[in-house]
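Residue-level listing of the chains:
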Amino acid sequence: MTTTTSRQPAEPVTGAVLSGRALVKSYGNSPALRGVSLSAARGDVLAITGPSGSGKSTLLLCLAGILRPDAGEVRFGDRRIDTENEATRSRLRRREFGVLFQFGQVVPELTAQENVALPLLLSGVRRREAMTAARLWLDRFGVADLADQRPPQMSGGQAQRVAVARAMVTEPEVLFADEPTGALDSLAGEQVLEQLTRVAREADTTVLLVTHDAKVAAYADREIVIRDGLLDADANVDHSASSIGQHRIHP
Amino acid sequence: MSVGHALLGLLADGERHGYDLRRQYQRRFPAAKPLAAAQIYATLERLLRDGLVAAGATERVGGPDRTVFAVTGHGRTELERWFSDVEAPSEYVGSLLSMKVTLALLIAGESTAADFLRRQREAHLARMREHTRVKSAPDADLLRVLAADYALNHLDADLRWIDTTLQRITQLAKEIRP
């Protein structure tokens, strides 16, 4: 059995784009993360799965610099980011990270193209340049023909493709996605995932994909399972009475 | 599904000789194991005997003589009956997984059972990744995509069972060995 020894946090892999070490986070008295370590290399497409309430979304928020862990550290390349102030982390998120959630991605009052251009405009890119880039990314996700439409006119799958294009327009080093297809029917969801993973692989973007759905996780190169705030191999097994030999086999 | 019905169905789409039938089988059922020539001819013999197909003209196309087979009226009736019958829902691999978990809890303990489930989960997900790659390939035709979807959904059902069992493994251990 290796499960008892793997409680020791793994050292971050050298050359990792993103790594978390011994991450702990509680909401009031309820622990969400109880010491999780992981790292992702450039271009890795990594699924983070686990039951509801396992801590997988909290892990994502900590790694993305949205939440500050209570203990442990998060590194982006060689740089420790969990200790940076909010303004610095916010700038980092805008420039190096893309973030994608299940809902509320797109601004209903803006056209698809304006939506996708938004992150660039917020980073100070000139409007013309931003709109040209937006057009390109809409095209990569097969929704260039929706450029002038507003989200209420689109299907859920179309709106989510616009959201994915918006998350990728800054050409982020890491894309964080939390149940990105959770609101879509399975066929629309798969089409979004297929494009997302293909485009991310072409761009060598690292993807961290939180999902409870194994069919979604199967789009990733590897999977990390979180249970009760720990990596699964560490979670919730009573080690006191286990392994063959400690039980008598009755004839 | 029986090979007999598969061949009968392909012949109902148009008469063919055995060699052509074998190619059609691979084209139409890309996820199925390819048939050996002997299996095709043995099955055709049986269909002939039961009056479901009839042997027609002999063709020679730059090789050996090939007998062309066609579906009979009786054969079409059998196909219609087959289409209207539901297939028995099978018990799937789940019962085997379940037996293994019970035995592991009975004689080895909780961590052995949980460890098995975790490794089984990894194996299932690895297989799901393979099917996902196949269906995501740019040149995948819809037949292949649907075959992969079928496999993915069945593997997913097992995997959900593995997950919910893992979540309640302590409770199950107590029930099996109070």
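The structure we're discussing is the one just above.
Only a predicted model underlies this, so the values are computations on that prediction, with no experimental measurement involved.

Participant: Is there a simple way to explain the packing of helix α6 (residues 110-136) of chain B against helix α7 (residues 142-167) of chain B in this structure?
Facilitator: If you want to describe how two helices pack, look at the angle between their axes and the distance between the axes. Residue and element names in this part refer to chain B. Put simply, α6 and α7 touch, their axes get as near as 9 Å, and they point 160° apart. In terms of their interaxial angle, α6 and α7 are classed as roughly antiparallel. Crossing of α6 over α7 shows left-handed handedness.

Participant: Looking at this model, I keep getting lost on the sheet that holds strand β1 (residues 18-27) of chain A. Mind explaining?
Facilitator: Note: strands within a sheet are paired through backbone hydrogen bonds, in either parallel or antiparallel orientation. With respect to topology, four strands assemble into an open sheet ordered β2-β1-β4-β5 (chain A), the strand pairing being antiparallel. The strands lining the two open edges of the sheet, one partner per strand, are β2 (30-40) and β5 (79-80) of chain A.

Participant: Sorry if this is basic, but what is going on with the pattern of salt bridges here?
Facilitator: Oppositely charged side chains are able to pair whenever their charged atoms sit close together. Residue and element names in this part refer to chain A. Under the definition given, this model contains 28 salt bridges over all chains. The residue E73 makes a salt bridge to R80 at a minimum N-O spacing of 3.4 Å. With relative accessibility at 12%, the residue E73 sits in the buried group. The class of R80 is partly exposed, set by a relative accessible area of 30%. Between E114 and R127 there is a salt bridge whose closest N-O contact spans 3.6 Å. One end of the pair, E114, is in helix α3 (residues 112-122); the other, R127, is in helix α4 (residues 127-140), with 13 residues separating them in the sequence.

Participant: Explain the pairing of β2(A) here, please?
Facilitator: In the case of a regular strand, side chains alternate between the two sheet surfaces. Residues and elements named next belong to chain A. With eight bridges connecting them, β1 and β2 associate as antiparallel partners. Within the sheet, the bridge partner assigned to Y27 lies in β2 and is S30. Taken together, β1 and the strand that follows it, β2, pair antiparallel across an intervening segment of two residues, in which G28 is found at a positive phi of about 60°.

Participant: What am I meant to see in a nonpolar patch on the surface here?
Facilitator: A cluster of nonpolar side chains, namely B:L103, B:L106 and B:I107, defines an oily patch on the protein surface of about 230 Å² accessible area. Relative to the elements of secondary structure, B:L103 occurs in helix α5 (residues 94-107).

Participant: Where do I start with helix α1 (residues 3-12) of chain B in this structure?
Facilitator: Residues and elements named next belong to chain B. Counting buried positions along α1 yields seven of 10 residues, so the element is predominantly enclosed. Residues of α1 that are buried: G4, H5, A6, L7, L8, L10 and L11. In this fold, the buried residues of α1 make contact with β1 (16-17), α2 (18-28), α3 (37-49), β2 (53-60), β3 (65-71) and α4 (73-84).

Thresholds, definitions, all that
- Residues numbered from 1 in each chain as written.
- Chains lettered and ligands numbered in written order.
- Predicted model: local features only at pLDDT ≥ 70, side-chain atom pairs only at ≥ 80, totals over all residues.
- Heavy atoms only, no water.
- Axes fitted to C-alpha atoms, helices over the stretch in contact; angles between N-to-C directions.
- Helix = DSSP H or I, 4+ residues; strand = E, 2+ residues; numbered from the N terminus.
- Parallel < 35°, antiparallel > 145°, perpendicular 65-115°, else oblique.
- Left-handed = near helix turned anticlockwise from the far one by under 90°.
- Pairing = 2+ DSSP bridges.
- Salt bridge = Lys/Arg side-chain N within 4 Å of Asp/Glu carboxyl O.
- Buried < 20%, exposed > 50% of the residue type's maximum accessible area, 1.4 Å probe, protein only.
- Patch = residues over 30% accessible without salt bridge, like charges linked within 9 Å, V, L, I, M, F, W, Y side chains within 5 Å.
- Areas by Shrake-Rupley, 256 points an atom, 1.4 Å probe, with all protein chains shown as cover.
- Contact = heavy atoms within 4.5 Å.

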